[in-house]
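If you want the building blocks of each chain, they are given just below.
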Amino acid sequence: MRYEPVIGLEIHAQLLTASKIFCGCSTAFGAAPNTHLCPVCLGLPGALPVLNHAAVDDAIRAALALGCKIQDLSIFARKNYFYPDLPKGYQISQYERPLATEGVVAAKSDYWGPDSDIRIKRVHMEEDAGKLLHEGFSDSDRRSYVDLNRAGVPLIEIVTEPDFRSSKDAANFFGYLRELLMLLGVNDGNMEEGSLRCDANVSIREKGSEALGTKAEVKNLNSFRFLEKALDYEFKRQEDVVLGGGRVTQETRLWDAAAGRTSTMRSKEEAHDYRYFPEPDLPPLVIAAARVDAIAASMPELPAARRSRLKSTYGLSDGDVIPLSVARLDVYFEQTVKAGADAKAAKNWLLGVVRAKMNEEGFDSAATLRERLSPARLADLIALVDKGTISGSVAKDVFEKMFASHRTADEIVKTEGLTQIDDESQILGRIAEVLAGNADAVAQYRAGKTTTFGFLVGQVMKATAGKANPKRVNELLKRTLEE
């Protein structure tokens, strides 16, 4: 390929505070439209903003996790533009003096993606805008409705340098960032509700060139898959333009998931278009070193350190720890092992049966899983399988019953008589019944068609309701057939 993409990301993350960034209105999602409002949200004359202390702490926590330098003084600014969901006619943000700068996400330790580090240009604080509503009204109603509940919700914007060279790397980074912010407790990761969204700047250049091309910005991407698809489309679109002798236009574009393409939204604004100037109603934000040190000391174990420790402590591979951490089951995994489960068995259960059940039930929260099935209860179930008390197939049935109740694995196995059959005479009796009822399969096996063996094993297991020891069934069936 002659050209390569050059990609930078701007990720907007709503902070998990109970109230908005400059007032006491609730940030709870799902309230009736325009009910979480006050004169500050609406920018009414005489209403003055007051900065939310908890939002600043969350922003510092996220910036530290990204390796950024926290500035001892940052300044809020007014970003002026007109849009129906922006009641004040300006957005309070940060521009020339952001909260944090010069971060790095190390490729080999923090982020499972590209070979080179990803530089973080800045992390700054700002307020969210409201939301325009178009769905849920009659087909004849062509108006847009405005819900301002979201106006004033605290945000951080994380701006990377243009360090990505593939759409897959950009999407993986977005996924890593979601995992990190959720682990820190500063964002809920709910992209469907708009609490985490991404804008992508993409340009192309000839491979080997250091010059940057004209970029287009793709706005409001709220899934990893959409980000990857939008970047792939945009790279091909720009490549076609250049190869056709044209010039790429600097503009803002929107991704149409149904059509699988980007389309022009507006010409790209420059900073001077927003007429930034310092917010006159807010003093400079001064961050004391002691405050940064206290937040740093309270930071949880970050994904890179946790992955490294899980690998060394429990003998797991990257292929094990990455899915566990991405699914946010790594802490649950360790608790299950500490409760007595074998590490490999716990990993297999969590990435197999347990994760499938979470998908079926429609939740991805480890906290919800812990409420439904504690790590100690799962460890007890795994122990019953390891000791041979129940078979693997029966264990799955026991798991379903445990998930639907508060009973332990021992209770279910004892009350329902699910203990694994190891007695040779019982198993031989079932084998005799199966062989008598499947004479054709027996004849085929003895004639050399050994593939029928698996069928016969399955029939024996079915005859014992899955309670027979599979290893003993295989041994005894093979011996019987070859007598």
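Look up a bit, the structure's there.
Just so we're clear, the structure is a prediction, and the values are computed from it rather than from any experiment. (Residues numbered from 1 in each chain as written. Predicted model: local features only at pLDDT ≥ 70, side-chain atom pairs only at ≥ 80, totals over all residues. Heavy atoms only, no water.)

A few words on a nonpolar patch on the surface. A contiguous nonpolar surface patch, about 240 Å² in accessible area, is contributed by Tyr83, Leu254 and Met265. Along the polypeptide, tyrosine 83 turns up in the loop between strand S4 (76-80) and strand S5 (90-94). (Patch = residues over 30% accessible without salt bridge, like charges linked within 9 Å, V, L, I, M, F, W, Y side chains within 5 Å. Areas by Shrake-Rupley, 256 points an atom, 1.4 Å probe, with all protein chains shown as cover. Salt bridge = Lys/Arg side-chain N within 4 Å of Asp/Glu carboxyl O. Helix = DSSP H or I, 4+ residues; strand = E, 2+ residues; numbered from the N terminus.)

Take the packing of aromatic side chains next. What characterises a pair of aromatic rings is the spacing of the ring centres plus the angle enclosed by the ring planes. A complete count under the given rule lists 11 aromatic pairs for this structure. Measuring from centroid to centroid gives 4.0 Å for tyrosine 95 and tyrosine 276, while their planes differ by 5 degrees, and the two rings are stacked. One end of the pair, tyrosine 95, is in the loop between S5 and strand S6 (100-105); the other, tyrosine 276, is in the loop between strand S14 (261-267) and strand S15 (277-278), with 181 residues separating them in the sequence. Summarising the aromatic geometry, the rings of tryptophan 349 and phenylalanine 399 are spaced 5.9 Å apart at their centres and angled 50 degrees between planes, so their arrangement reads as tilted. Taken together, the positions of tryptophan 349 in helix H9 (residues 343-361) and phenylalanine 399 in helix H12 (residues 392-403) put the pair 50 residues apart, joining distant regions of the chain. Look at phenylalanine 399 and you get buried, because its relative accessible area is 0%. Grouped by ring-pair contacts, the aromatic residues Tyr81, Tyr95, Tyr274 and Tyr276 constitute a single cluster. Here the guanidinium or amino end of lysine 79 rests over the ring plane of tyrosine 274, the centre of that ring lying 4.5 Å away. (Phe/Tyr/Trp six-rings, centres within 6.5 Å; stacked < 30°, edge-to-face > 60°. Buried < 20%, exposed > 50% of the residue type's maximum accessible area, 1.4 Å probe, protein only. Lys NZ or Arg CZ within 6 Å of the ring centre and 35° of its normal.)

Those residues of helix H8 (residues 330-338) not exposed but buried are Asp330, Tyr332, Phe333, Glu334, Thr336 and Val337. Buried residues belonging to H8 abut helix H6 (303-314), helix H7 (318-326), H9, helix H10 (366-372) and helix H11 (375-386). Positive phi shows up at glycine 340, right after H8, with a value of about 120 degrees. (Contact = heavy atoms within 4.5 Å.)

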